[in-house]
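Each chain is listed here by its residues.
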Amino acid sequence: MSKRFLAAALLLSVSFAPAYAAKTSLVVGMPIEPPGLDPTVAAPVAIREVTWANLYEGLVRIDRNGKVQPLLAKSWEISPDGLTYTFRLQEGVKFHDGTTFDSADVKFAFDRARAPTSTNAQKQIFAPIDAIETPDPQTVVIKLKETSGNFLYYLGWGDAVIVAPETAENNKANPVGTGPFKFKSWTRGDRVELTRNPDYWQKDKIKLDSVTFRFISDAQAQVAALRAGDVDAFPNLGAPELFTEFQKDKRFSAVAGNTEGEIVAGMNNAKKPFDDVRVRRALMHAIDRKALIEGAYSGFGQPIGSFFSPNNPAFVDMTSVIPYDTAKAKALLAEAGYGNGLSITIKSPQMAYASRSAELIAAMLSEVGVDMKIIPTEFPAKWIEEVFKNKDYDVTIVAHTEPLDIDIFARDNYYFNYKNDKFKALIAEAAKTTDEKARYAKYAEAQKILAEDVPALFLFQLPKLGVWNAKLKGMWENSPVPANDVTEVSWTE
Amino acid sequence: MRRLMRLRWNSALIVGGILTAILIATALLSLVWTPEVPTRVRIALRLKAPLEAGLLGTDHFGRDVTSLLMVGAWNSLAIAWPAVLLGAAIGTAIGCAAAAWKGIADEIAMRVSDVVFAFPAVLSAIMIGALVGSGPLAAILAIAVFNIPVFARVTRGVALQVWTLDYIAAARALGKHPLRITWEDVMPNIAGALIVQVTIQLALAILTEAGLSYLGLGVRPPNPSWGRMLSDAQTYLSRAPHLAIAPGIAIALSVLGLNLLGDGLRDALDPTLRGRSTTA
Amino acid sequence: MLRLVLSRLVSLAVTLLFVSLAIFLILEVLPGDPAAIMLGTAAREDTLAALRQELGLDQPALLRYLEWIGGILHGDLGTSITYKMPVSTLVAERMAVTLPLSLLAILISTLLALPLGVAAAARRDGAVDRAVLVFSQLGVAVPNFWIGLIFILFFSTWLGWFPAGGFPGWENGVAPALQALLLPAVALALPQAAVLTRVTRSATLEVIGADFVRTARAKGVDRSATLRRHVVPNALIPVTTILGLQLSFFFGGAILVENVFNLPGLGRLAYQALNQRDLVVIKDIVLIFSGLVIVVNFLVDIGYAILDPRLRSRA
């Protein structure tokens with residue numbers, strides 16, 4: 001009703017104005033509802049997809065190309081030794097509750113995130129910080145214990161947005177940030193409504209008056225909502241098999257981009273037979289990534305041969321290192337002593353991409369004499385318990401959706417049980433390297449090591465299947481960070 | 001057993017018997033023969049309509065739907081049978097005990113069955129799945145648990161009547177142990193009611209199994225199940241509606257057959273019970 | 001009569017206590033750590049410990065149980081772990097979908113079953129009776145979520161008459177909300193209507209055969225008047241009992257149907273809460289579900305006793 005009323009009101013006012021006035025409201029569909037609206041205290045991607053860049057802002061931000069851009073910090077200097085970051089803050093910035101943003105808020109937000117009692121999901125962002133100083137309200141000086149090549153990049157994440165001391169405690173249910181939109185209402189199970197922040201510090205850039213996020217988990221219902229115009233955009237359509245219908249429809253833009261999610265079938269590298277690199281390579285050889293993508297994701301999604309997102313400038317295509325080759329797979333298995341067959345299990349979460357991929361991989365492995373039994377494992381609860389914590393598994397499959405997370409293969413005690421000191425040293429060096437080119441070169445080398453060593457079966461990049469009204473512009477095609485950034489979105493008529 | 005000999009044939013019994021026979025035959029046949037290997041993935045043949053590839057078309061992996069349905073019949077029975085039998089065994093024991101000892105034992109048994117009845121079945125099944133891990137065992141346990149109070153009540157009802165009979169009271173007075181009375185006098189009297197109830201509960205178990213595997217509990221992939229076929233079909237509803245229709249009809253026919261068989265058996269075994277329902 | 005009510009009240013309380021214990025114990029042994037789920041895979045051990053403490057998960061089980069029950073007795077359902085808001089608010093929001101859905105389904109089911117059952121019994125073995133029997137057999141045999149799927153296929157995908165799921169919310173008008181609830185309600189109602197039809201039919205048949213009805217007929221009261229005045233009111237007693245028993249099927253079935261139609265109802269909330277191990281929310285919802293069923297059956301029992309004097313002495 002209210003929507004219709006708004007439309008009618010617009011129509012009336014328009015009759016005196018020039019012919020077309022562009023629509024200024026936007027309804028974005030999402031498959032999963034966020035559990036709370038504070039990205040600094042919980043991990044789920046859906047929280048960032050509502051709040052990041054829209055409600056909250058960080059010192060810097062990641063743009064649609066994955067590059068770091070200034071935001072609340074208009075500029076910064078890094079000392080020659082790479083240990084001191086001096087940020088100059090934007091002036092005239094206010095939180096949604098009217099309080100002024102200054103250096104004290106930055107210090108508060110970061111101290112809160114790195115405190116022992118903090119429940120920030122990405123504490124390693126703040127791990128290099130030694131001290132935070134606030135010489136004046138517009139300046140923040142951050143001293144590091146060691147150089148960190150990705151420090152600025154990490155500060156662009158949702159986990160590092162700036163929150164105010166007065167309101168931080170209640171952000172989960174009643175978020176207050178500095179962003180272009182402020183929180184209006186949340187109907188649990190259905191929608192979150194945001195409305196334009198009239199005091200936004202760069203308000204002339206914002207074209208929309210209101211943004212509504214609607215949560216629709218069923219793919220058929222997502223399609224129906226788009227068709228009926230109840231939803232203007234679905235940046236991550238749930239069902240690839242329904243995406244093709246929109247590609248033919250002129251009323252919609254249907255764009256297949258990349259997310260940061262690498263779908264990999266992790267193996268328990270400490271356990272027999274996966275401690276033998278020949279077995280791991282054999283399994284990789286047995287997988288026809290193209291057929292897998294066709295069957296599990298209707299042909300959308302880029303094959304990967306290592307663990308790096310194609311969105312990232314340091315990405316190198318490694319799919320040809322261990323290509324699909326069943327003869328080679330059988331030979332390697334025989335060499336490792338499994339010529340007469342091998343029996344393993346895969347713990348597969350219930351998400352469609354995972355369970356479908358598991359079924360297809362099992363079918364492909366049976367072609368080379370490997371019998372892989374599927375054990376459905378409830379995600380996240382049981383998966384975290386059994387696979388992630390207790391490492392009680394042979395093979396598993398999951399999408400790793402965090403950006404720039406190749407370092408998980410360097411972590412001690414991570415669920416892959418993968419130990420490679422050379423790789424570990426390389427990742428540590430890369431993290432400390434402040435020179436961009438040198439860092440990219442190190443990441444390229446790291447990707448190569450993983451591709452050859454196959455600690456996990458590298459399958460494909462989870463695609464971002466975006467569908468939106470053809471009259472919308474400014475939507476993100478890829479998601480270099482989990483986000484539904486609508487700050488550049490507008491209607492063309 | 002004497003009563004079984006005096007079956008009164010009726011149309012429900014015949015139709016139900018035939019449908020159930022077809023279900024069991026299909027399930028058994030699937031063990032030795034299916035038109036295609038049911039787990040065989042053929043990406044090139046994905047989502048083919050009926051008769052384009054195989055009698056009933058192919059699914060999203062290009063697997064033959066006819067073969068999947070046949071093996072699904074076996075899996076459906078392989079969950080439903082043990083679940084109902086387990087529930088029936090425990091439930092009957094509880095019901096007999098409640099009728100034999102009455103008093104506090106009866107009260108406890110009935111309160112516990114109230115609790116089970118009151119629990120939302122689907123949620124509890126999901127919790128059982130989370131507890132023992134998704135798989136056939138979870139489905140069997142979940143269905144069995146909800147069969148226990150059903151059988152406990154049916155048994156208790158009939159057994160209580162038997163216990164009021166004069167000759168039983170006399171035997172009890174003469175010192176015959178309640179267990180022996182239960183075994184020698186009560187059981188034969190409730191056998192007919194039990195057989196009928198088992199048939200009807202089997203139908204319900206097949207329905208429940210479909211619901212559980214629709215939610216991802218039950219036999220493990222790639223082993224096919226009707227419920228999971230339906231949940232897979234959901235996203236292809238507009239492109240390949242046959243995937244949603246075929247398993248539903250298979251479920252409906254199986255349940256219909258068992259229900260008719262149960263009704264028919266009841267009429268045949270005990271004409272005075274005709275028309276009374278225990279399905280609720 | 002008072003004694004009956006009192007003894008039933010006691011057993012009601014005992015049953016509820018058992019239910020609450022059962023729920024608590026099941027959730028206690030359920031694998032999965034709510035803190036680990038919320039913080040994801042990058043979380044460190046100290047972060048997890050901090051969150052566990054914040055959520056009160058580090059306290060002994062008995063204390064948590066007593067706190068939970070104590071809270072409920074004071075009307076406090078606790079605070080959701082994931083949403084960080086009172087469970088009562090969450091439940092109230094979802095009830096606005098599930099309650100109308102269940103009531104609509106019960107209404108449809110009853111409106112279908114009563115006339116069909118009585119009509120079938122009135123002319124036993126006639127054409128209507130046979131048709132009704134076929135309907136009731138088929139109705140019991142099809143899963144409600146499958147009916148939902150087929151409805152979506154027919155009425156939404158092919159005909160485009162109804163939305164394929166989702167709920168516009170009551171604030172956008174009653175008509176669109178009812179439109180969104182109609183298909184799921186029918187899907188939910190059909191199997192239960194089939195059961196209820198059979199019960200109505202057999203109850204009616206039983207009453208028709210009873211002495212007082214035969215007497216009435218013998219006295220010359222015409223057929224339809226007998227049905228109206230004597231048969232139907234008496235047949236309603238067992239029908240109401242079954243309806244009470246069916247309540248749990250309506251609420252329970254709502255989980256599947258809400259999933260198929262993507263309705264933000266209580267069943268979906270429970271499903272999500274279970275997935276996220278939001279133990280506070282699951283506990284409360286299961287208790288509400290079972291409590292509702294227990295209380296309704298208590299009321300049915302009492303009503304039954306009032307209607308049927310023979311039962312009063314049995315207590």
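Bear in mind the structure is a predicted one, so any value in this text is a computation, not a measurement. (Residues numbered from 1 in each chain as written. Chains lettered and ligands numbered in written order. Predicted model: local features only at pLDDT ≥ 70, side-chain atom pairs only at ≥ 80, totals over all residues. Heavy atoms only, no water.)

Points about the pairing of strand β1 (residues 25-30) of chain A
Burial analysis of β1 of chain A places six of its six residues in the buried class, the great majority of the element. A two-sided burial pattern is seen for β1 of chain A, the buried positions comprising Ser 25, Val 27 and Gly 29 of chain A on one face and Leu 26, Val 28 and Met 30 of chain A on the other. (Buried < 20%, exposed > 50% of the residue type's maximum accessible area, 1.4 Å probe, protein only. Helix = DSSP H or I, 4+ residues; strand = E, 2+ residues; numbered from the N terminus.)

So, the packing of aromatic side chains
Under the counting rule described, the total for this entry stands at 39 aromatic pairs over all chains. Pairing Phe 24 of chain C with Tyr 65 of chain C gives two aromatic rings, centres 5.2 Å apart and planes at 65°, and the pair type is edge-to-face. Residue Phe 24 of chain C is located in helix α1 (residues 2-29), and its partner Tyr 65 of chain C is located in helix α4 (residues 61-73); the two are separated by 41 residues in the primary sequence. In terms of burial, Phe 24 of chain C and Tyr 65 of chain C fall into one category: buried. Above the face of the Phe 246 of chain A ring, Arg 227 of chain A is positioned so that its terminal group lies 5.0 Å from the ring centre. Across the ring face of Trp 68 of chain C, the terminal group of Lys 283 of chain C is positioned such that the distance to the ring centre comes to 5.2 Å. (Phe/Tyr/Trp six-rings, centres within 6.5 Å; stacked < 30°, edge-to-face > 60°. Lys NZ or Arg CZ within 6 Å of the ring centre and 35° of its normal.)

With respect to the sheet that holds strand β5 (residues 84-89) of chain A
Residue and element names in this part refer to chain A. Strands sit in the order β4-β5-β7-β6 across an open sheet of four strands; the sheet is antiparallel. The open sheet terminates on both sides in strands that have one partner only, identified here as β4 (73-78) and β6 (129-136). Taking each pair of neighbouring strands and ignoring which way they run, the sheet shows an average axis angle of 20°. In this sheet, β5 lies alongside β4 in antiparallel orientation, the contact comprising five bridges. Looking at β5, one finds that Glu 77 is bridged to Thr 86. On the sheet, helix α3 (residues 103-114) packs against β5, β6 and β7 (139-144) and is oriented at approximately 165° with respect to β6. (Pairing = 2+ DSSP bridges. Axes fitted to C-alpha atoms, helices over the stretch in contact; angles between N-to-C directions. Contact = heavy atoms within 4.5 Å.)

Observations concerning the sheet that holds strand β14 (residues 342-348) of chain A
All names here are of chain A. The strand order β15-β14-β16 describes an open sheet built from three strands, whose pairing is parallel. Single-partner strands in this sheet number two, and they are β15 (370-376) and β16 (395-396). Along the sheet, helix α10 (residues 352-366) contacts β14 and β15; its crossing angle with β15, the most-contacted strand, is approximately 165°.

Quick notes on the nonpolar core
Core analysis: the largest hydrophobic core is formed by 318 residues, its most contacted members being Leu 59, Phe 87, Phe 110, Ile 142, Phe 409, Phe 423 and Leu 459 of chain A. In this view, Phe 409 of chain A contacts Phe 307, Phe 416, Tyr 418, Phe 423, Leu 450, Pro 455, Ala 456 and Phe 458 of chain A; residues no more than four positions away in its chain are not counted. (Core = buried A, V, L, I, M, F, W, Y, C linked by side-chain atoms within 4.5 Å.)

Details of the packing of helix α7 (residues 144-158) of chain C against helix α8 (residues 174-208) of chain C
Residue and element names in this part refer to chain C. Two elements in contact, α7 and α8, have axes separated by 9 Å at closest approach and are oriented at 140°. As judged from the angle between their axes, α7 and α8 are oblique. Crossing of α7 over α8 shows right-handed handedness. Within the contact between the two elements, α7 uses Asn 144, Ile 147, Gly 148, Phe 151, Phe 155 and Ser 156 and α8 uses Leu 183, Val 186, Ala 187, Leu 188, Leu 190 and Pro 191. Residue classes in the contact of α7 with α8 are distributed as nine nonpolar, three polar and no charged. (Parallel < 35°, antiparallel > 145°, perpendicular 65-115°, else oblique. Left-handed = near helix turned anticlockwise from the far one by under 90°. Nonpolar A, V, L, I, M, F, W, Y, C, P; charged D, E, K, R; others polar.)

A short note on the UniProt feature "domain: ABC transmembrane type-1" (unreviewed entry) in chain C
The UniProt record marks residues 95-300 of chain C with the feature "domain: ABC transmembrane type-1" (unreviewed entry), using the residue numbering of this structure. A helix fraction of 84% and a strand fraction of 0% characterise residues 95-300 of chain C, whose end C-alpha atoms lie 22 Å from each other. (UniProt positions renumbered as here; feature names shortened; annotations may be inferred.)

Focus on a nonpolar patch on the surface
A surface patch of nonpolar side chains, about 590 Å² in accessible area, is lined by Leu 86, Ile 90, Ile 94, Leu 131, Val 132, Leu 137 and Leu 141 of chain B together with Val 29 of chain C. Within the residue set of the nonpolar patch, elements represented by two or more residues are α3 (65-101), α5 (121-132) and α6 (136-163) of chain B. No other element matches the three residues that α3 of chain B contributes to the nonpolar patch. If you trace the backbone, Ile 94 of chain B turns up in helix α3. (Patch = residues over 30% accessible without salt bridge, like charges linked within 9 Å, V, L, I, M, F, W, Y side chains within 5 Å. Areas by Shrake-Rupley, 256 points an atom, 1.4 Å probe, with all protein chains shown as cover. Salt bridge = Lys/Arg side-chain N within 4 Å of Asp/Glu carboxyl O.)

Quick notes on unusual backbone geometry
Residue and element names in this part refer to chain A. Following Lys 272, the chain continues to Pro 273 via a peptide bond in cis, the omega torsion being -5°. Turning to its location among the elements, Pro 273 is positioned in the loop between β12 (252-266) and α7 (277-285). Located in the positive-phi region is Val 454, a residue other than glycine, with phi close to 45°. Mapped onto the elements of the fold, Val 454 is located in the loop between α13 (436-453) and β18 (456-469). According to the relative accessible area criterion, Val 454 is buried, its value standing at 1%.

Quick look at the interface of chain B and chain C
Taken together, the contact pairs 42 residues of chain B with 51 residues of chain C. For the pair chain B and chain C, the number of links is one salt bridge. Note that Arg 198 of chain C is salt-bridged to Asp 263 of chain B, the shortest N-O span being 2.5 Å. Across the contact surface, chain B and chain C share four residue pairs in polar contact (both at pLDDT 80 or more). Elements represented by at least two residues in the side of chain B that touches chain C include exactly α4 (103-118), α5, α8 (178-214), α9 (226-234) and α10 (242-269) of chain B. The greatest single-element share of the side of chain B that touches chain C, amounting to 12 residues, is contributed by α10 of chain B. (Polar contact = N/O pair within 3.5 Å; in protein donor to acceptor, adjacent residues only side chain to side chain.)

Some remarks on the interface of chain B and chain A
Between chain B and chain A, the contact holds 22 residues from the first and 21 residues from the second. Carbon and sulfur atoms supply 54% of the area that chain B and chain A bury against each other, a total of about 1800 Å² over both sides. Together, Phe 61, Pro 221 and Thr 235 of chain B form the three largest contributors to the area buried by chain B at its contact with chain A, with a combined 28%. Where chain B touches chain A, the interface holds two salt bridges. The salt bridge partner of Glu 294 of chain A is Arg 46 of chain B, with a shortest N-O separation of 3.7 Å. Among the secondary structure elements, those contributing two or more residues to the side of chain B that touches chain A are α5 and α9 of chain B. Per-element tally for the side of chain B that touches chain A: the top contributor is α5 of chain B, with four residues. The residue makeup of the side of chain B that touches chain A, split by class, is 10 nonpolar, seven polar and five charged. (Buried area = accessible area lost by both parts, 1.4 Å probe.)

As for the pattern of salt bridges
With the rule as written, the count across this model stands at 48 salt bridges over all chains. The salt bridge involving Arg 280 of chain A is made with Asp 453 of chain A; its shortest N-O contact spans 3.6 Å. Of the two residues, Arg 280 of chain A sits in helix α7 while Asp 453 of chain A sits in helix α13, which places them 173 residues apart along the sequence. Neither Arg 280 of chain A nor Asp 453 of chain A differs from the other in exposure class; each is buried. Between Asp 33 of chain C and Arg 52 of chain C there is a salt bridge, and its shortest N-O distance comes to 2.7 Å. Residue Asp 33 of chain C is located in the loop between α1 and α2 (34-39), and its partner Arg 52 of chain C is located in helix α3 (residues 45-55); the two are separated by 19 residues in the primary sequence. What makes Arg 52 of chain C partly exposed here is its relative accessible area of 22%. Salt bridges here are not isolated pairs; linked through shared partners, they connect Lys 347, Lys 382, Glu 386 and Asp 392 of chain A.

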